[in-house]
Structures are given as C-alpha cells and as structure tokens.
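# A closer look at the structure
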Amino acid sequence: GAVVSQHPSWVICKSGTSVKIECRSLDFQATTMFWYRQFPKQSLMLMATSNEGSKATYEQGVEKDKFLINHASLTLSTLTVTSAHPEDSSFYICSARAAEGLWVNYGYTFGSGTRLTVV
Amino acid sequence: TQLLEQSPQFLSIQEGENLTVYCNSSSVFSSLQWYRQEPGEGPVLLVTVVTGGEVKKLKRLTFQFGDARKDSSLHITAAQPGDTGLYLCAGVDTGRRALTFGSGTRLQVQP
C-alpha cells in the first residue's frame with residue numbers, strides 16, 4: 001500500500017529558531033502534498049498545498065514566509081517553520097496524493113505527524 | 001470555503017451500544033472520506049464514498065453518502081473499546097484537490 005513517512009515525530013526547539021519537517025512518499029510518486037496543522041482536540045486545518053516543481057499554494061491566513069514549503073521531487077516535501085514562537089506549537093501532518101491515474105487506488109495517505117513544541 | 005459540520009462533537013458510550021455520527025455540509029462534494037485518528041498519529045482512511053445514496057459496510061461500520069452528496073453518516077454497531085478515537089469526515093474538492101475536514105467527533109467507548 002501507499003506509505004508516507006514523516007520526520008521527526010516530535011521536536012522541541014527554542015523560540016526564534018527554525019525547524020524543518022520532512023514528508024516522504026515511500027512507494028509511490030506524489031505530485032501533490034498537503035500540510036495540515038492540528039491543535040489539541042481539534043480537527044485538521046489545511047495550511048498549504050505543494051506541487052512538485054512549483055510554488056506552494058497557501059490557505060488564507062497562513063504566512064508563506066513563516067511556513068516555507070519545498071516540494072523538490074515527486075517523493076519529498078519539506079515544511080520549515082522559521083523563527084518559531086510558542087504559538088507555533090502544534091501537531092503538523094502531511095498528506096500525499098498519488099499521481100494522476102494512481103490516486104484512485106492510493107487516495108490520500110497521511111504521515112504520522114510531527115509534534116512541535118517551541119519553548 | 002466549504003465547511004463540514006460533524007455531530008456530535010463528543011460521544012461517550014458503553015461497550016455494545018450503537019451510535020451514529022453525522023457529517024453535514026451546504027456544499028456538494030465529488031466524494032467524501034471517513035478517517036479515524038488516534039492521539040499522536042495521522043488519520044487513517046476508513047472508507048471513500050463517491051455516489052449519492054451509496055452505502056458501504058466495513059465490518060461493524062456502515063457509511064452512507066447522502067443522495068445530494070452534501071452529507072454522510074457513520075453508524076457503528078456494538079461499539080468496542082477499540083473503536084475509541086477521533087472520527088473525521090473529509091470532503092474532496094475536485095477544484096482544489098485538497099481535503100476539507102469536518103470538525104471531528106471524539107468517541108470514547110467504555111468497557
């Protein structure tokens with residue numbers, strides 16, 4: 001089946017530093033990846049959509065300069081939280097959508113999430 | 001922006017009871033998915049419904065897609081403690097190709 005690997009699973013960083021989160025599709029090519037944010041006991045909120053080889057599309061209210069997304073290959077997307085602050089502490093989850101013609105079987109596959117704590 | 005409202009938000013029941021979770025929207029979705037999420041993990045897909053009026057069964061879980069493709073329901077028969085988790089419906093927006101998640105239903109099944 002389709003597997004998405006997300007690393008790290010948790011990270012603690014100091015306020016003002018940057019953190020990079022990786023999302024890899026292990027056994028399929030993902031032309032599109034999505035980044036979500038989830039606060040405790042709440043649902044997932046879409047932050048941005050990244051397409052391989054092009055700029056990410058950010059949802060309204062998400063600062064693109066703060067949450068840098070790079071989708072340089074068909075199997076890897078990264079989210080970098082720059083100059084992190086305590087209010088950025090959250091659970092970040094990536095999702096990959098298989099390439100056209102394949103997604104009917106694979107659909108949307110989610111990573112296991114990254115718990116970011118900014119102190 | 002398409003919104004999906006789930007009800008109830010929280011449900012605590014005894015093992016063996018039946019329950020239904022509802023997912024409603026004013027918008028039409030090309031398809032709708034149900035996920036279950038456990039603490040500290042990503043959502044896991046349970047089912048995808050595509051056709052209006054479609055009913056799918058997954059062991060003790062029954063999923064239904066509304067005729068107008070604006071709403072869906074999840075019915076669990078004889079709930080077990082292992083069913084405990086956050087249940088999320090998600091609509092597929094053909095234009096944006098992104099999932100829009102519902103507000104979530106937190107289910108707790110007491111042994």
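Further up the page is the structure itself.
Presented here is an overview of the structure given in this document. Residue positions are given per chain, counted from 1 along the sequence in the order it is written. Starting at A for chains and at 1 for ligands, labels are handed out in the order in which the entities are written. Restriction of local features to residues with pLDDT of at least 70 applies here, the model being predicted, together with a cutoff of 80 or more for giving and counting side-chain atom pairs; totals for whole chains, interfaces and linings are based on all residues. In computing side-chain properties, one takes all heavy atoms of the structure into account and sets aside hydrogens as well as water.

With that settled, the discussion passes to unusual backbone geometry. All names here are of chain A. With an omega dihedral of -5 degrees, the bond running from His 7 to Pro 8 counts as a cis peptide bond. Looking at the element boundaries, Pro 8 is found in the loop between β1 (4-7) and β2 (10-13). Here the phi dihedral of Lys 41 falls at roughly 60 degrees; this positive angle occurs in a residue that is not glycine. Think of it this way: any DSSP run of H or I at least four residues long counts as a helix, any run of E at least two long counts as a strand, and we number them from the N terminus. Among the structural elements, Lys 41 can be located in the loop between β4 (30-38) and β5 (44-51). The buried label goes to any residue with under 20% of its type's maximum accessible area, the exposed label to any with over 50%, and the partly exposed label to all in between, with areas taken from a 1.4 Å probe on protein chains only. When its relative accessible area of 74% is taken as the criterion, Lys 41 is described as exposed. We note that Ser 83 has phi near 45 degrees; this positive angle belongs to a residue other than glycine. Mapped onto the elements, Ser 83 comes out in the loop between β8 (76-81) and β9 (90-98). A relative accessible area of 33% means that Ser 83 is categorised as partly exposed.

Our next topic: the sheet that holds strand β7 (residues 67-73) of chain A. Residues and elements named next belong to chain A. When DSSP locates at least two bridges between a pair of strands, those strands are taken to pair. An order of β1-β3-β8-β7 is seen for the four strands of this open sheet, with the pairing classed as antiparallel. The sheet terminates laterally at β1 and β7, the two strands that pair on one side only. Strand after strand, the sheet turns through a mean of 15 degrees between neighbouring axes, direction not considered. Looking at chain direction, β1 and strand β3 (residues 19-25) are connected through four bridges and run antiparallel. Its bridge partner being in β3, Gln 6 is matched across the sheet by Cys 23. An axis is simply a line fitted to the C-alpha atoms; with a helix, the fit covers only the stretch in contact. Between two such axes, the angle follows the N-to-C directions and lies from 0 to 180 degrees.

Counting through the fold element by element, Phe101(B) comes out in strand β10 (residues 99-101). Residue class for Phe101(B) comes out buried when judged on its relative accessible area of 8%. The sequence separation of Phe101(B) and Phe65(B) amounts to 36 residues, and the corresponding C-alpha distance is 16 Å. Not counting residues up to four positions away in its chain, the partners in contact with Phe101(B) are Tyr36(A), Ser43(A), Leu44(A), Phe110(A), Leu4(B), Tyr35(B), Leu88(B), Cys89(B) and Ala90(B). A contact between two residues is defined here by any heavy atoms of the two lying within 4.5 Å.

Let us now look at the state of the cysteines. Disulfide assignment relies on a single distance test, namely cysteine sulfur atoms paired within 2.5 Å. Under the definition given, this model contains two disulfides over all chains. The partner cysteine of Cys23(A) in its disulfide is Cys94(A), sulfur to sulfur 2.0 Å. Its torsion about the S-S bond being 80 degrees, the disulfide of Cys23(A) and Cys94(A) is classed as right-handed. Note that Cys23(A) is positioned in strand β3 and Cys94(A) in strand β9, a separation of 71 residues in sequence. Like Cys23(A), the residue Cys94(A) is buried in the burial classification. For Cys23(B), the disulfide goes to Cys89(B), at an S-S distance of 2.1 Å. Sign of the S-S torsion, about 75 degrees for the bond between Cys23(B) and Cys89(B), identifies this disulfide as right-handed. Separated by 66 residues along the polypeptide, Cys23(B) in strand β3 (residues 19-24) and Cys89(B) in strand β9 (residues 85-92) bring together distant segments of the chain. Its sulfur unpaired, Cys13(A) is 18 Å from the next cysteine sulfur, which belongs to Cys94(A). The buried category is assigned to Cys13(A), whose relative accessible area is 8%.

This part is about the nonpolar core. Among the nonpolar cores identified, the biggest contains 24 residues, and Trp35(A), Leu79(A), Tyr92(A) and Leu116(A) are the most heavily contacted of them. Only β2, β3, β4, β5, β7, β8, β9 and β11 (114-118) of chain A provide two or more residues apiece to this core. Only buried Ala, Val, Leu, Ile, Met, Phe, Trp, Tyr and Cys residues count toward a nonpolar core, and they belong to the same one when joined by side-chain atoms within 4.5 Å.

For the rest of this paragraph, the subject is the sheet that holds β3(B). Residue and element names in this part refer to chain B. In space, the five strands of this open sheet follow the order β1-β3-β8-β7-β6, with antiparallel pairing throughout. Since the sheet does not close on itself, it has two edges, and those belong to β1 (5-7) and β6 (55-58), each with one partner. In this sheet, neighbouring strand axes are inclined to one another by 15 degrees on average, regardless of whether the strands run parallel or antiparallel.

The analysis is restricted to geometry; functional conclusions fall outside its scope.
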